[in-house]
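# Architecture and fold: a report
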Amino acid sequence: MKTADTKITFLLIAAGIAMIAAGVYRGEAFTVLLKATRICMECIGIG
């Protein structure tokens, strides 16, 4: 049972890394950073 759990864990980690890499390749990391900055600025009352 432990080997099945380990395989699933590594599969999910690999899928997560692949999705992050795809998002960075498409330029979505910059978009997320811009949105986070805007939200932060609104929270403290500057934006």
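Refer to the structure above for everything that follows.
Here goes a summary of the coordinates provided. (Residues numbered from 1 in each chain as written. Predicted model: local features only at pLDDT ≥ 70, side-chain atom pairs only at ≥ 80, totals over all residues. Heavy atoms only, no water.)

Now for the overall build of the protein. The helix and strand tally for the protein stands at two helices and zero strands. Taking the principal axes of the C-alpha coordinates as reference, the protein spans close to 55 × 25 × 5 Å. Of the roughly 4,400 Å² of accessible surface on the protein, a fraction of 74% belongs to carbon and sulfur atoms. (Helix = DSSP H or I, 4+ residues; strand = E, 2+ residues; numbered from the N terminus. Areas by Shrake-Rupley, 256 points an atom, 1.4 Å probe, with all protein chains shown as cover.)

With that settled, consider a nonpolar patch on the surface. On the surface, a nonpolar cluster with roughly 330 Å² of combined accessible area is contributed by Phe10, Ile13 and Ile17. Locating Ile13 in the fold gives a position in helix α1 (residues 2-25). (Patch = residues over 30% accessible without salt bridge, like charges linked within 9 Å, V, L, I, M, F, W, Y side chains within 5 Å. Salt bridge = Lys/Arg side-chain N within 4 Å of Asp/Glu carboxyl O.)

Quick look at the pattern of salt bridges now. Working definition: two side chains of opposite charge can pair if their charged atoms are close together. Taken as a whole, this structure holds one salt bridge when the rule is applied. Across the salt bridge formed by Glu28 and Arg26, the nearest N and O atoms sit 3.3 Å from each other. Given a relative accessible area of 34%, Glu28 falls into the partly exposed group. (Buried < 20%, exposed > 50% of the residue type's maximum accessible area, 1.4 Å probe, protein only.)

Now for the state of the cysteines. Counting across every chain of the model gives zero disulfides. Unpaired in terms of disulfides, Cys40 finds its nearest cysteine sulfur in Cys43, a separation of 6.2 Å. Classification of Cys40 as partly exposed rests on a relative accessible area of 49%. (Disulfide = S-S within 2.5 Å.)

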